[in-house]
Amino acid sequence: MKNACLLLLLGIFINTKSHAQQYLISAQITGFEDGTKFYLNDVILDTNIDSAVIENNFLSFKGKLRAEPQSLWVTTNAGQKFYYFTLLMGNERIDVKGDIKDFPFDLKITGSKTQDMHNKMIALTKEGYKKRSKLVEEYQALTGDSAKSKGKAIWKVIARLDSLDMLTRMNFVKQNLNSYEALDALFYLKRDFSKDTISKFYNSLNSTFKNTSYAKRIKTFLTVGDVLETGDIYADFNGFDRDGKRHTLSEIKGKYVLLDFSSTYCGPCIESVPELKKISQAYRQELAIVSFSGDAGKETWLKGVNRDQPQWLSLWDGKGFYGETTIKYGITGYPTFVLIDPKGKIVSKWSGYYDGAVLKEVQNQLAKKQ
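Parameters at a glance
- Residues numbered from 1 in each chain as written.
- Predicted model: local features only at pLDDT ≥ 70, side-chain atom pairs only at ≥ 80, totals over all residues.
- Heavy atoms only, no water.
- Phe/Tyr/Trp six-rings, centres within 6.5 Å; stacked < 30°, edge-to-face > 60°.
- Buried < 20%, exposed > 50% of the residue type's maximum accessible area, 1.4 Å probe, protein only.
- Lys NZ or Arg CZ within 6 Å of the ring centre and 35° of its normal.
- Helix = DSSP H or I, 4+ residues; strand = E, 2+ residues; numbered from the N terminus.
- Arc of directions from axis to C-beta.
- Core = buried A, V, L, I, M, F, W, Y, C linked by side-chain atoms within 4.5 Å.
- Contact = heavy atoms within 4.5 Å.
- Lys, Arg positive; Asp, Glu negative; His and termini not counted.
- Salt bridge = Lys/Arg side-chain N within 4 Å of Asp/Glu carboxyl O.
- Disulfide = S-S within 2.5 Å.
- Polar contact = N/O pair within 3.5 Å; in protein donor to acceptor, adjacent residues only side chain to side chain.
- Pairing = 2+ DSSP bridges.

Engineer: How should the packing of aromatic side chains be read in this particular structure?
Structural biologist: Centre distance and the angle of the planes are the two values used to describe a pair of aromatic rings. Scanning the entire structure with this criterion turns up 24 aromatic pairs. Ring geometry for Phe-193 versus Phe-201: centroids 5.3 Å apart, planes at 85°, classification edge-to-face. Phe-193 gets classed as buried once you look at its relative accessible area, which sits at 9%. Three or more aromatic residues joined by ring pairs make a cluster, and in this case those are Phe-32, Phe-38, Tyr-83, Phe-85 and Phe-103. A cation sits over an aromatic face here: Lys-190 above Phe-221, 5.9 Å from the ring centre. Cation over ring: Lys-210 sits above Tyr-202, and NZ or CZ is 5.1 Å from the ring centre.

Below, the structure is given as structure tokens:
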């Protein structure tokens with residue numbers, strides 16, 4: 001009987017421990033039709049990891065996350081409109097309550113100290129974001145002869161809002177340094193603080209947070225030195241191709257190199273592929289394209305490679321958005337293109353994509369060579 005009790009207690013302990021290692025997102029949200037499908041998106045992997053259908057104003061997600069708290073998005077499309085809210089959580093329970101009109105910033109989200117800190121950041125920045133979004137809508141609706149002057153005025157206001165948002169986030173980092181939210185924000189604000197200040201922040205972290213991946217990517221930024229800009233000599237790097245063979249950038253000699261920093265599910269990255277294929281064919285004698293993936297997961301990267309079938313070298317190093325190469329080249333969004341001349345000098349660097357932009361820049365730089 002004693003042994004049976006011990007086994008029963010052990011079973012309860014194991015079951016409780018197993019449950020504690022899972023996440024549960026329980027949401028009561030009004031305003032959506034039954035059957036509306038929601039997705040849980042892993043921001044680091046840039047992929048959906050779960051889905052759920054809302055029924056009687058209720059939906060839930062359950063599963064297992066990585067050991068550390070991570071950034072997640074809950075998203076859906078309803079009535080041709082995109083809805084989302086953000087989470088910063090680990091394997092714990094989160095409760096969400098609200099209405100469709102509360103998306104994305106006014107839902108009540110409770111249950112986690114990490115999420116509470118994320119909520120605090122949202123509360124500080126949401127009004128500015130709402131104003132910015134409204135101004136962008138006004139700008140997009142402009143027509144007529146006065147559109148240019150009105151648009152210029154609107155973007156001046158947006159620039160002021162962006163500056164205030166940056167200052168708010170910087171102050172938040174200073175005041176809440178030993179938190180996942182602050183360390184996450186610090187990484188994205190790393191070029192807005194001086195390196196000396198970031199170094200002081202890092203050195204002042206307590207042991208709990210200094211040993212996290214959030215802090216380690218800050219250390220990587222401090223280690224790699226200054227971010228490369230136009231006019232600098234390129235930094236060599238290595239990665240694996242789809243067959244598992246390691247390559248270095250320095251293998252390519254005597255040609256221009258167009259670095260394409262991208263990720264599998266980035267819409268503009270996908271749109272740029274046909275143009276990159278044209279460039280690869282038209283200028284294969286004098287230019288080599290090298291794609292470098294920001295995907296953290298190998299399977300995600302390979303899905304993109306198999307989908308796009310690039311006719312050039314596509315590399316992956318498994319470190320995602322926080323690896324030495326991505327940080328050294330100052331990648332803050334995808335796609336980012338870096339054009340290097342045959343002598344190893346960066347002659348152009350830009351982010352984003354629209355039809356014809358990459359081809360035009362390549363042609364301009366090659367014309368200078370002539």
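Engineer: Sorry, what's going on with helix 5 (residues 195-204) here?
Structural biologist: Note: α-helices contain 3.6 residues per turn, so residues at a spacing of three or four share the same orientation. Those residues of helix 5 that sit buried are Ile-198, Phe-201 and Tyr-202. Burial along helix 5 is one-sided: seen end-on, the buried residues are contained in an arc of 95°. Exposed residues on helix 5 whose side chains face more than 90 degrees from its buried face are Asp-196, Lys-200 and Asn-203.

Engineer: Can you walk me through the nonpolar core in this structure?
Structural biologist: For soluble globular proteins, nonpolar side chains are generally found buried alongside one another. Leu-186, Leu-259 and Tyr-329 are the most contacted members of the largest nonpolar core, which totals 43 residues. Counting only elements with at least two residues in this core, the list comes to helix 3 (147-175), helix 4 (180-188), helix 5, helix 7 (213-224), strand 11 (256-262), strand 12 (287-293) and strand 14 (336-340). For this core, the leading source of residues is helix 4, giving 6 residues. Discounting residues that sit within four places of it in the chain, Leu-259 has contacts with Phe-237, Leu-249, Val-290, Tyr-329, Thr-336, Phe-337, Val-338 and Ile-340. Ranked by size, the runner-up nonpolar core spans 24 residues in total, among them Phe-61, Leu-72, Phe-85 and Ile-94.

Engineer: Please clarify how the side chain of Asp-241 should be interpreted in this entry.
Structural biologist: Turning to its location among the elements, Asp-241 is positioned in the loop between strand 9 (238-240) and strand 10 (246-248). Although Asp-241 lies buried, it forms no salt bridge, and the closest oppositely charged side chain, Lys-245, sits 6.1 Å away as judged by the N-O distance. Setting aside residues no more than four positions away along its own chain, Asp-241 makes contact with His-247, Trp-301, Leu-313, Ser-314 and Leu-315.

Engineer: What am I meant to see in the state of the cysteines here?
Structural biologist: Each disulfide is one covalent bond, formed between the sulfur atoms of two cysteines. Counted under the stated rule, the structure contains 1 disulfide. Here Cys-266 pairs with Cys-269 through a disulfide, and the sulfurs are 2.3 Å apart. Because the torsion about its S-S bond is 80°, the bridge between Cys-266 and Cys-269 counts as right-handed. The same class applies to Cys-266 and to Cys-269, which are both buried.

Engineer: Explain the side chain of Thr-264 to me, please; I cannot follow it from the model alone.
Structural biologist: The topology assignment puts Thr-264 in the loop between strand 11 and helix 8 (267-282). Its relative accessible area of 4% is what places Thr-264 among the buried residues. There is a polar contact of 2.9 Å between the side chain of Thr-264 and the backbone oxygen of Thr-300. Beyond its immediate stretch of four places on either side in the chain, Thr-264 contacts Ile-270, Asp-295, Thr-300, Trp-301, Gly-304 and Arg-307.

Engineer: Before we go on, may I ask you to explain the pairing of strand 4 (residues 58-63) in this structure?
Structural biologist: Residues in a regular strand point their side chains to alternate faces of the sheet. Side chains Leu-59, Phe-61 and Gly-63 of strand 4 all project onto a buried face; the interleaved residues Phe-58, Ser-60 and Lys-62 project onto a face where none is buried. Across 6 bridges, strand 1 (residues 23-30) lies against strand 4 in antiparallel orientation. Paired with Tyr-23 across the strands is Gly-63, a residue of strand 4.

Engineer: Is there a simple way to think about the pattern of salt bridges in this case?
Structural biologist: Note on pairing: side chains with opposite charge can pair once their charged atoms come close. Inspection of every chain in the model, using the stated rule, returns 13 salt bridges. Here Lys-130 makes a salt bridge to Glu-127, at a shortest N to O gap of 3.7 Å. With Lys-130 and Glu-127 both in helix 2 (residues 113-140) and 3 residues apart, the pair spans about one turn of that helix. We classify Lys-130 as partly exposed; its relative accessible area is 33%.

These figures capture arrangement, not role.
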